[in-house]
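A look at the structure
Chain residues, written in single-letter form:
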Amino acid sequence: MDMMHELLNRHKQYFYTGETKSYEFRKKQLETLREVIKEYEPEVLEALKNDLHKSEWEAYTTEIGFLLEEIKFTLKHLKEWMTPEKVKSPITHLGSKSLIHQEPYGVTLIIAPWNYPFQLQLAPLVGAIAAGNCAVLKPSELTPAVSAVISKMIREVFPDEYISVVEGGVETSTELLKQPFDHIFFTGSVPVGKIVMEAAAKQLIPVTLELGGKSPVIVDQDANLKLAAKRILWGKFTNAGQTCIAPDYLYVHSDVKLELLQHMSEALLEFYGEDPLSSDKYSHIVSDKHFERLKSFLTNGDVLIGGRHKENERVISPTIIDNISWDDPVMQEEIFGPILPVLEFTDLNQVVDEVRRRPKPLALYFFSESEEKQDLITSSLSFGGGCMNDTLMHIVTPHLPFGGVGSSGTGSYHGKASFEAFSHRKSIVKQTTNFDFSFRYPSAKNGLKMIKRIMG
């Protein structure tokens, strides 16, 4: 505990020097991060292969390339974001100027998950650096190879009092959460998110929580079924379903269910071949614990596609299961794996009612050619974000904030939203001294009459 306290004090003392606040400093650190990511690309790819069996294509697109694009976008807009925002002043403030300054919180703790262990550790760091903060990074202990690479590369290029990495398990995270950080950014499961929020609440530390939940994908009868099948399965089985915004379950109109499932069968063959368990393009499950949890779901309903697994390699083939109800265990929690339960409907309003009964999901996907139906889904259901006629793609654009709502998270990031997530909007009034309004003071004659005339 003393070590953690001392670590935080070093960071705070460095932050108080003001070094991190200038545009030139922030720009240089973002450029340094970009270059070290490029330098360590081979080691990162190897680590992701060791921890999650990620292919080079998947590892680059979802982890390394994603980060480089985020840094490029941030560098392009950083000076604009940092400029104090001028806002109007009311008549009561005649002669003054009103400004909003984006102020860094100070020292922020960034806790990363294991599913995208490189990207989800460093993408928030881009925002923290851009906003002028110091940061303590806590990689996931479930992906030790990636954690080691992150620790090595950060120590190589950043002063320890500016950005540091703390490796370790649950006990380490618990000790970190006892420290008086200025902000906590957490990505992970809902249960752990509650623990983080509780710990932060004891010290009134602001938090950004990127959580999860059961994100539905809905396919109506007028959808482009062949394209829908490919886009749904790509979104579901990327990283073997270990994605917080992966489609968790499928709601399909009963009139097109069989046709959609046929297209899905063809798409899976195209993606991963006859034996997905041996495919270099297909990721594995992160740990024995998660593997056993996912394997237990294979007894729910009827397996239509997949269902095979190799325990010694912790891999489960892309699986679609039918004859599922909301009472089945697979529908009681976020799956976070390569299993897609199928439910059917005849009335879209029925789907709306069912989704409303559950906690608000992090993502929602709807496939239909009807703008009217798309508007119905968008306006009737609350969810973090999503796509019409696609999956996952809303997370890729830096122009859109990404985050949850309700139990799926609080706060958002990516692009400008990342800068804002690590900033406090400080309001400043610059008042004139050239004149003064006497009616504001209690001694003013007819002061209240004048105030009522202005403010009434």
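Predicted model, so just to flag it, every value in this text is computed and none were measured.

The rules behind these values
All residue numbers here refer to positions counted from 1 along the written sequence of the relevant chain. It should be noted that, the model being predicted, local features are given only for residues of pLDDT at least 70 and side-chain atom pairs only at 80 or more, the latter also being counted only at that level, while totals for whole chains, interfaces and linings use all residues. Based on all heavy atoms of the structure, the side-chain values leave hydrogens and waters out of the count. UniProt positions are given in the numbering used here, feature names are shortened, and annotations may be inferred rather than shown by experiment. Secondary structure follows DSSP: runs of H or I at least 4 residues long count as helices, runs of E at least 2 residues long count as strands, and numbering of each begins at the N terminus. Whether a residue is buried, partly exposed or exposed follows from its accessible area with a 1.4 Å probe, protein chains only, as a fraction of its type maximum: under 20%, in between, or over 50%, in that order. The contact rule is simple, with two residues in contact once any of their heavy atoms fall within 4.5 Å. Two strands are said to pair when DSSP picks up at least two bridges between them. Angular values range over 0 to 180 degrees, each being the angle between N-to-C directions of two axes fitted as lines to C-alpha atoms, with helices fitted over their stretch in contact. What we call a nonpolar core is a set of buried Ala, Val, Leu, Ile, Met, Phe, Trp, Tyr and Cys residues that are connected through their side-chain atoms within 4.5 Å. To estimate how far a helix should reach, multiply one less than its number of residues by 1.5 Å.

Some points on the UniProt feature "domain: Aldehyde dehydrogenase" (unreviewed entry) in the protein
Residues given the UniProt feature "domain: Aldehyde dehydrogenase" (unreviewed entry) here are residues 22-428. In the segment residues 22-428, helix accounts for 41% and strand for 20%; the C-alpha atoms at its two ends are 19 Å apart.

Digging into the UniProt feature "active site" (unreviewed entry) in the protein
What UniProt calls "active site" (unreviewed entry) maps, in this numbering, to Glu210. Judged by relative accessible area, which is 2%, Glu210 ranks as buried. In this view, Glu210 contacts Phe185, Phe186, Thr187, Gly188, Phe402, Gly403, Gly404, Ser408, Gly411, Ser412 and Tyr413; residues no more than four positions away in its chain are not counted.

Thoughts on the sheet that holds strand 15 (residues 363-367)
With mixed pairing, the 7 strands of this open sheet are ordered in space as 10-13-14-9-8-15-16. Across the chains shown, the open sheet's two edge strands, defined by having one partner strand only, are strand 10 (302-305) and strand 16 (385-388). Sheet twist, expressed as the average angle between the axes of neighbouring strands with direction ignored, equals 25°. As judged from the 4 bridges shared by strand 8 (residues 216-219) and strand 9 (residues 249-253), these two strands associate in the parallel manner. Opposite Val219, over in strand 9, you have Val252 as the bridge partner. Contacts from helix 9 (residues 225-237) reach strand 8, strand 9, strand 13 (319-322), strand 14 (339-345) and strand 15 within the one sheet, and its direction differs from that of strand 14 by about 140°.

Brief notes about the sheet that holds strand 1 (residues 85-87)
With respect to topology, 3 strands assemble into an open sheet ordered 1-2-20, the strand pairing being antiparallel. Only two strands of the sheet have a single neighbouring strand rather than two, namely strand 1 and strand 20 (423-430). Each strand of the sheet is rotated relative to its neighbour by a mean of 30°, with strand direction disregarded. Summarising the sheet, strand 1 and strand 2 (residues 97-104) pair through 3 bridges and their orientation is antiparallel. Considered in strand 2, the bridge of Lys86 is made with Leu99.

Considering the nonpolar core
Grouped together as the largest cluster of nonpolar side chains are 139 residues, with contacts concentrated most on Ile37, Phe118, Leu125, Leu137, Ile154, Leu250 and Met264. Sorting elements by how many residues they give to this core places helix 4 (residues 56-82) first, with 9 residues. Not counting chain neighbours up to four residues away, the residues in contact with Phe118 comprise Ile37, Val44, Glu63, Ile64, Leu67, Val146, Ile150 and Met153.

A word on helix 9
A rise of 1.5 Å per residue sets the reference length of helix 9, with its 13 residues, at 18 Å; its end C-alpha atoms lie 18 Å apart and thus fit the reference within 8%. Within helix 9, the full set of buried residues consists of Leu225, Ala228, Ala229, Ile232, Leu233, Gly235, Lys236 and Phe237. Its buried side turned inward, helix 9 meets strand 8, strand 9, helix 10 (257-272), strand 13, strand 14 and strand 15. Note on helix 9: the residue one or two positions beyond its end, Asn239, has a positive phi of about 55°.

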